[in-house]
Amino acid sequence: MNHRLAHLLLGTSVAVLLAACGGGDVSPGPAISLTPQRGDIVANPPPMLTSFATAAEFNTALSATATGRNLLALAGTPRCGINFHYMTYYTVGGAGEQTRATGGIMVPTGSDPACTGARPVLLYGHGTTVEKGYNIASPANSEAGLLAAFYAAQGWIVVAPNYAGYEASDLPYHPYLNAEQQAADMIDALRAARKAFPNIAANASNKLFISGYSQGGHVAMATHKAMQALPSEFTVTASGPMSGPYALTRFAQTVFAGGVNAGATIFFPMLMTSYQRSYGNLYASVNDVYESAYATGIESLIPSATLTSTTLITTGRLPTRLWANNPLVTGDPSLDALFAAGVGTPNLVKTSFRQAVLANPSHPVWVAAARNDLTTGWTPNRPMAMCFGTQDPVVFGSNTVDAAAAFRGRGAPASLINVFNLEDATSVGPTLAAAFASAKAATAADPSAPGASPAEKVLQAYHGGLVPPFCNVAVRTFFQQVLAAGL
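Residues numbered from 1 in each chain as written. Predicted model: local features only at pLDDT ≥ 70, side-chain atom pairs only at ≥ 80, totals over all residues. Heavy atoms only, no water.

> Just to check I follow, could you spell out the sheet that holds strand S4 (residues 81-92) for this structure?
Across the sheet, nine strands lie side by side as S3-S4-S5-S7-S6-S8-S9-S10-S11; this open sheet has mixed pairing. Only two strands of the sheet have a single neighbouring strand rather than two, namely strand S3 (48-52) and strand S11 (417-421). Geometrically, the sheet is characterised by an average inter-axis angle of 20 degrees between neighbouring strands, direction not taken into account. Of the strand pairs in this sheet, S4 and strand S5 (residues 98-109) are connected by 12 bridges, and their pairing is antiparallel. Among the inter-strand pairings, Gly81 is bridged to a residue of S5, identified as Thr109. (Pairing = 2+ DSSP bridges. Helix = DSSP H or I, 4+ residues; strand = E, 2+ residues; numbered from the N terminus. Axes fitted to C-alpha atoms, helices over the stretch in contact; angles between N-to-C directions.)

> How should the packing of helix H8 (residues 248-256) against helix H14 (residues 364-371) be read in this particular structure?
Working note: a packed helix pair is described by the angle between its axes plus the distance between those axes. Running from amino to carboxyl end, H8 crosses H14 at an angle of 145 degrees, the nearest separation of the two axes being 7 Å. Touching Leu248, Thr249, Ala252, Gln253 and Phe256 of H8 are Val365, Trp366, Ala369 and Ala370, all from H14. Taken together, the residues of the contact of H8 with H14 break down into seven nonpolar, two polar and no charged. (Contact = heavy atoms within 4.5 Å. Nonpolar A, V, L, I, M, F, W, Y, C, P; charged D, E, K, R; others polar.)

> I'm lost on the side chain of Thr400 in this one. Help?
Position of Thr400 relative to the elements: it lies in helix H15 (residues 398-409). Excluding residues that lie within four positions of it along the chain, Thr400 makes contacts with Tyr246, Met386, Phe388 and Val419.

> Can you help me understand the nonpolar core in this one?
In summary, soluble globular proteins display a tendency toward joint burial of nonpolar side chains. The biggest cluster of nonpolar side chains holds 127 residues, and the ones touching the most others in it are Phe268 and Tyr290. The element that contributes the greatest number of residues to this core is helix H18 (residues 454-485), accounting for 13 residues. Apart from the residues within four sequence positions on either side, Phe268 is in contact with Phe256, Val289, Tyr290, Leu322, Trp323, Val349 and Phe353. With 15 residues, the next largest nonpolar core counts Ala179, Met221, Trp378 and Leu416 among its residues. (Core = buried A, V, L, I, M, F, W, Y, C linked by side-chain atoms within 4.5 Å. Buried < 20%, exposed > 50% of the residue type's maximum accessible area, 1.4 Å probe, protein only.)

> Any chance you could explain the pairing of S5 here in plain terms?
One face of the sheet, then the other: side chains in a regular strand alternate in exactly this way. Of all 12 residues in S5, 10 are buried; the element is thus mostly enclosed. Hairpin connection of S4 to S5: five residues between the antiparallel strands, including Gly96 at a positive phi of 85 degrees. As defined by bridge partners, S5 adjoins strand S7 (residues 157-161) across four bridges and the pair is classed as antiparallel. Paired with Gly103 across the bridge in S7 is Pro161.

> Would you mind going over the packing of aromatic side chains with me for this structure?
Aromatic rings in a pair are described by how distant their centres are and how their planes are angled relative to each other. Tallied over the full model, the rule gives 19 aromatic pairs. Measuring from centroid to centroid gives 5.0 Å for Phe256 and Trp323, while their planes differ by 45 degrees, and the two rings are tilted. Of the two residues, Phe256 sits in helix H8 while Trp323 sits in the loop between helix H11 (309-314) and helix H12 (333-341), which places them 67 residues apart along the sequence. Each member of the pair, Phe256 as well as Trp323, is classed as buried. Where Phe420 meets Phe478, the ring centres are 6.3 Å apart and the plane angle is 65 degrees; that geometry is what we call edge-to-face. Taken together, the residues Phe420 in strand S11 and Phe478 in helix H18 connect sequence positions 58 residues apart. Of the residues examined, Phe420 reaches a relative accessible area of 13% and is grouped as buried. Put simply, the rings of Tyr151, Trp156, Phe209, Phe420, Phe478 and Phe479 pair up and form one aromatic cluster. (Phe/Tyr/Trp six-rings, centres within 6.5 Å; stacked < 30°, edge-to-face > 60°.)

> Looking at this model, I keep getting lost on the pairing of S11. Mind explaining?
Taken across its five residues, S11 has four buried, putting it largely inside the fold. One ladder, built from five bridges, connects strand S10 (residues 384-388) with S11; its direction is parallel. By the bridge assignment for S11, Phe388 is matched with Asn421. For the handedness criterion, the β-α-β arrangement of S10, H15 and S11 is classed as right-handed. (Right-handed = clockwise from strand over helix to strand, strands pointing away.)

> What exactly am I supposed to notice about the state of the cysteines here?
Working definition: the covalent bond between the sulfur atoms of two cysteines is a disulfide. Here the structure, examined in full by the defined rule, presents two disulfides. With a sulfur-sulfur separation of 2.0 Å, Cys80 is cross-linked through a disulfide to Cys115. Sign of the S-S torsion, about -95 degrees for the bond between Cys80 and Cys115, identifies this disulfide as left-handed. Of this pair, Cys80 sits in the loop between helix H4 (66-75) and S4 while Cys115 sits in the loop between S5 and strand S6 (119-125); the two residues are 35 residues apart in sequence, bridging distant segments of the chain. Here Cys80 matches Cys115 in class, with each residue buried. The disulfide bridge from Cys387 ends at Cys471, spanning 2.1 Å between sulfur atoms. Judged by the sign of its S-S torsion, about -85 degrees, the bond between Cys387 and Cys471 is left-handed. One end of the pair, Cys387, is in strand S10; the other, Cys471, is in helix H18, and 84 residues separate them in sequence. Its relative accessible area of 0% is what places Cys471 among the buried residues. Sequence-ordered numbering of the disulfide-bonded cysteines in the protein chain gives the connectivity 1-2, 3-4. (Disulfide = S-S within 2.5 Å.)

In short, shape yes, function no, at least from these values alone.
Okay, structure coming up:
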C-alpha cells in the first residue's frame, strides 16, 4: 500500500518531463452542475491539463531517461497520443455524507486503428499515498504515467479518481479501505466521466475493465463486487486487482498477533481514522489507542498537505514500531526479521488497546475488518485476474491466495479466477518471471537503492517499485485475451 513509484518506477525526471510536454488547452464555457447528485460532474467538459498530440511525442518524452525506456520496454511502443482531463465530481464519504472528489480521464487520440472507434474503458484505483495533493489526472504523477504508458497510449480510455479526502476534495478525512465508500467513489467517478465523454471526444465501447494496485487492488475488487449488484447499470468485462489487502480479517489478525507489515505505523492510523469516522465506534478517544507522543492530531495527520511517508517518520510524527512487544515468530527467518522490525519502543499503539482487541472477538475493530473483507459475501461472475508477488512485505501474498481460494470454494470456476504470481513462472510464464527476477537482481546490485544489504534493497523496493509494472504486464495481457475472446 505504500507508494514509492515516483522514485522507483518512472523517476522524478520522467514525471517532470511529462508534465512539461504538450499543450495546456482548457475547454471554454463548461456547463456547471448547480443541483449536484452523486455521480454528477461539476464542470462539463472537464478541463484538459496536458496533451501529447501524437504517440511519437509521448514516446519521445519517455525515451529521454533510462527509467522511461524501461517502462516502454514493458508497456510497448505508444500507438496513441493522449489528452489528460481533470474532473471534479460528487460522491459520498464514509458515513454517507455528500462530498466532492476529483480525478482524471485519459483519452487516446490519433489515427492508428488502436486509437479510433469505440475504445475499452479502464476504471483504475490508485495505491496508498499520504500526500493530500496527490493528483492522478496529471502526468507529473508517476502512477498516471504508468497508466498512460500501459493503457491510454495503447488505446484505452482511462478513468482514475483521486478518492474522497484527496486533492481538492472537501471531505476532511479519507475513507481508507472502506469497501462500500471506495466502490461508490469509483462508480461515481465513472458516472461523471461518462457524462463528459461526448464533450472530450472519448468514444467508449461497452467493454469495462477495473484494476488497481495495493489499496487500489482492494478498491478495484470492491468496485467489481458493487457493480455486480447493479446489473442494469454496469457490466464488468473483467477485473484485475493487484497486490491488494482483500482478506482484511486475516490480515488484521496477523498484524495484531505481531506479524507487523512494512509501513504499518502509517497504515494503522489511516485505517483506524477511516473506520472511526465511518462507523463511530472503534474507540472513545484517540488517547485510548495511541501513545501520548503521537495521539494529538493523529486523526487529521493523513493525508497531509506538507508531509510525505518519509518525513512523517523523520520528523517524529510517527514511529517505525507499531507494538511495544511480542512480535509474531514463525520460524521463517525473513518473516521473523520483518515482524521484529515493527515491534519495540518507541511504539505507536498502546499495549492496552492491542490487548483489548485481542481479548474480544466482537471488538469493533474485528467487526469493521469483517465488513470490509472482500473474501466473503460474494463470488465474481465475470473474469478476474489477481496479480501479486509472494515476497511482498507490505501486503502479504496470503491476501490473494485466500481470495482465490474463497471464490473457488464457492463455486467460481478456475477459468474465471486467475492468479498471477510474479515469483512463479508456471503462473505468469517464463519470460515475465525471468524479467521480474532480473529487475530484482538489478535492484539488489544498485548502489543507490535504499537498503543496507542486497536483500534489504529488494525488500524496500518490492511493493512500491518492483511489482507494479510487471503486474500491469500480466493484467493487461489478461484483459487483451478477454477482449480477443469476446467474453
